[in-house]
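One-letter residues, chain by chain:
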Amino acid sequence: MKQKIAVKVDDLTVAYNYKPVLWDIDLEIPEGVLMAIVGPNGAGKSTLIKAILGILKPIAGSVSIYEKPYEKQRSLVAYVPQKGSVDWDFPTTALDVVMMGTYGSLGWIKRPGQKEKKAALEALEKVGMLPFKSRQISQLSGGQQQRIFLARALVQDASIYFMDEPFQGVDATTEIAIINILKELRKAGKTVIVVHHDLQTVPEYFDWVTFLNVKKIATGPVKDIFNDDNLTKTYGINYKVSIQE
Amino acid sequence: MDLQEYFSLVFSDYTLRTITLGTAILGAVTGMLGSFAVLRKQSLLGDAISHAALPGIAIAFLITGAKDSNTLLLGALVSGLLGTFWIRGIITKTHLKSDTALGLILSLFFGFGMLLLTFIQKQPNANQAGLDKYLFGQAATLVESDVWLMAIVTGLCLFVLLLFWKEFKILLFDKDYAKTLGFNTKTIDILITSFIVLAIVLGLQTVGVVLMSAMLLAPAAAARQWTNSLSKMVFLAAVFGAFSGVFGTAISSSQNNLSTGPVIVLVASVFVIFSFIFSPSRGLLFRQIRFIANRRDLEQQKTLAFMYHIAETHDNISHPHTIKILNNFQGFTRKTLQKLVDKEYVVLDGTMWSLTQKGFDKASNLYNQQAKEDE
Ligand SMILES: Nc1ncnc2c1ncn2[C@@H]1O[C@H](COP(=O)(O)OP(=O)(O)OP(=O)(O)O)[C@@H](O)[C@H]1O
Ligand SMILES: [Mg+2]
């Protein structure tokens, strides 16, 4: 069976200033996988997602979503940024942030109404944050803020989700709650791409993995390519993870 | 004229009314737009724009020879916008920090502007005398048409703000995310910045180049202290700005020789200081009070918990113990003991104390709570 390709990246090269931080990346992500992007700090994981989403302009290369240019397919894609990328002291509430997920489908000028509010409340419910809907966002814990960002992406009701370290700073219970949501998304046929730092949990959580360190080291099913060889190539030191299957 | 006289005259006296209305509108529009500058942490932006406007005024004068304020402000607008877009350009092209770029443009334009002003001052035709009013502002020169212009710009600004409210909000909170949703963040950014430039230029005649940025920042910074909602913040900033304008004008015209611009800015600063101290949720005063109250509660709880430990070892929880035992315990003071007596948790009898049933229950509850939180 030939799987459909959800995201295709061709010859992507990205640089801040002059030094390229991503070199000539080719990547095909099949539809319906739950994929981890792993690599050391500064490997360019966030940069890769930002370049795919058009936040950064690459020096070279192209990105297509279901065989069309990304710009035409925006509505199919949702994004969970790294939590530290915004100022949480911004004067707004949890519900309001989640509502932002509906802005894309609303387009310019049109205001969110009852329908959008209902969708946002449902998403809050899904991540277990409904009791905090009116909370000022600076008064949420790090893990709660992370869940708000997740809810905002869920509201977008996309086909492909890009998440930059959604497990950063969350406790074990929240981590399980989040991974269950991600697995549910996959079950619904969505493609989920997650920057992930905890190598121990990769085999348990994900079925697809991409090793990245400036260049793409490897990409494929976890069971085939998640091994010490690729880990060593990516992290530079002799890596030994005990992989339980 | 004293303050009372001012307020009785403000409705009848044409000049006074014009100036008051002008400064109020100016305060409102700069306060409103200032919220955006404050939330984007671009505190230098106002300074950079107002200073960048100066050479425009001088050049407009050199070209037209006119002192008519609209012509000069048009010059200010052009050079203000030019400066602003250079700043944007520098930030995106060179990766200098935005503060550096702002500072650079600020000093470059201001230096050039001052140079031109000195040059104009040396010219034989005496027509130039009025130009330095743009440095510190001169509200007294406001005429009705100036106020109309301010009102129109403010109305336009309000309209655009309401129209693109959601776009502005998402740009302020999370620009990258806004981009992924398909919003052209550059357009939103330029729209907002252009309005800030426009508002600043309109204020130059009244408040002047040097102090203009305070009009942008002070009302917004004060407003932020009182609310956790963006719309309320913008509204409050407009109100604070307008009041600063009115009070500033009132004070300066009742004290004959005070120039209006600096007084308005001072009034706005009073709003800021007051807000930073007295705001219930973010103010220093209440934070300190909460801190002290928390610490006192904690001391009491610790003492009570210690007593509970001792009382627990006896069958009768109200078995009396000597106060001396407590001296081994850190954080114990006579005052906390007295507080516990007041709350009927403890009874004293000479040098002996004993827990009451109420105190025992309270203390065992503390333990349960603690255990729950630790889980
Ligand atoms: N705005 C920027 N300007 C200049 N260099 C940058 C910028 N953002 C990132 N870099 C550099 O690009 C490289 C890749 O950064 P990126 O944030 O993509 O790494 P990452 O893999 O996400 O790391 P982490 O695990 O720490 O999140 C790093 O060397 C970093 O220093
Ligand atoms: Mg990163």
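The sections below set out a description of the structure shown in this document. Remember, it's a predicted structure, so these values are computed and weren't measured experimentally.

### Concerning the packing of helix α2 (residues 14-39) of chain B against helix α10 (residues 185-207) of chain B
All names here are of chain B.
Right, on to step 1. At a closest axis distance of 10 Å, the pairing of α2 and α10 adopts a crossing angle of 145 degrees. For the element pair α2 and α10, the recorded crossing hand is left-handed. Touching Thr-23, Leu-26, Val-29, Thr-30, Leu-33 and Phe-36 of α2 are Ile-192, Phe-195, Ile-196, Ala-199, Leu-202, Gly-203, Thr-206 and Val-207, all from α10.
Right, on to step 2. Here the residues of the contact of α2 with α10 sort into ten nonpolar, four polar and no charged.

### Some remarks on the pattern of salt bridges
Right, on to step 1. Enumeration over the complete set of coordinates arrives at 14 salt bridges over all chains.
Right, on to step 2. Residue Arg-152 of chain A pairs with Asp-174 of chain B through a salt bridge whose shortest N-O separation is 2.9 Å. One end of the pair, Arg-152 of chain A, is in helix α5 (residues 142-155); the other, Asp-174 of chain B, is in the loop between α8 (165-173) and α9 (175-180), on a second chain. Each member of the pair, Arg-152 of chain A as well as Asp-174 of chain B, is classed as buried.
Right, on to step 3. Of the charged contacts in the structure, one is a salt bridge between Asp-157 of chain A and Lys-190 of chain A, with a shortest N-O distance of 3.6 Å. With Asp-157 of chain A in the loop between α5 and β7 (160-164) and Lys-190 of chain A in the loop between α6 (172-187) and β8 (191-195), the pair connects residues that are 33 residues apart, well separated along the chain.
Right, on to step 4. The buried category is assigned to Lys-190 of chain A, whose relative accessible area is 17%.
Right, on to step 5. The network of salt bridges with common partners includes Asp-89 of chain A together with Arg-224 and Arg-282 of chain B.

### Here's the deal with the interface of chain A and chain B
Right, on to step 1. Every contact between the two is made by 34 residues of chain A and, on the other side, 29 residues of chain B.
Right, on to step 2. Summed over both partners, the interface of chain A with chain B buries about 2,800 Å², with 62% contributed by carbon and sulfur atoms.
Right, on to step 3. Among the salt bridges present, the one from Asp-89 of chain A reaches Arg-224 of chain B, with a minimum N-O distance of 3.5 Å.
Right, on to step 4. In this assembly, chain A and chain B are joined by 14 residue pairs in polar contact (both at pLDDT 80 or more).

Reading the values: the criteria
- Residues numbered from 1 in each chain as written.
- Chains lettered and ligands numbered in written order.
- Predicted model: local features only at pLDDT ≥ 70, side-chain atom pairs only at ≥ 80, totals over all residues.
- Heavy atoms only, no water.
- Axes fitted to C-alpha atoms, helices over the stretch in contact; angles between N-to-C directions.
- Helix = DSSP H or I, 4+ residues; strand = E, 2+ residues; numbered from the N terminus.
- Left-handed = near helix turned anticlockwise from the far one by under 90°.
- Contact = heavy atoms within 4.5 Å.
- Nonpolar A, V, L, I, M, F, W, Y, C, P; charged D, E, K, R; others polar.
- Salt bridge = Lys/Arg side-chain N within 4 Å of Asp/Glu carboxyl O.
- Buried < 20%, exposed > 50% of the residue type's maximum accessible area, 1.4 Å probe, protein only.
- Buried area = accessible area lost by both parts, 1.4 Å probe.
- Polar contact = N/O pair within 3.5 Å; in protein donor to acceptor, adjacent residues only side chain to side chain.

Don't take any of this as a statement about function, it's just geometry.
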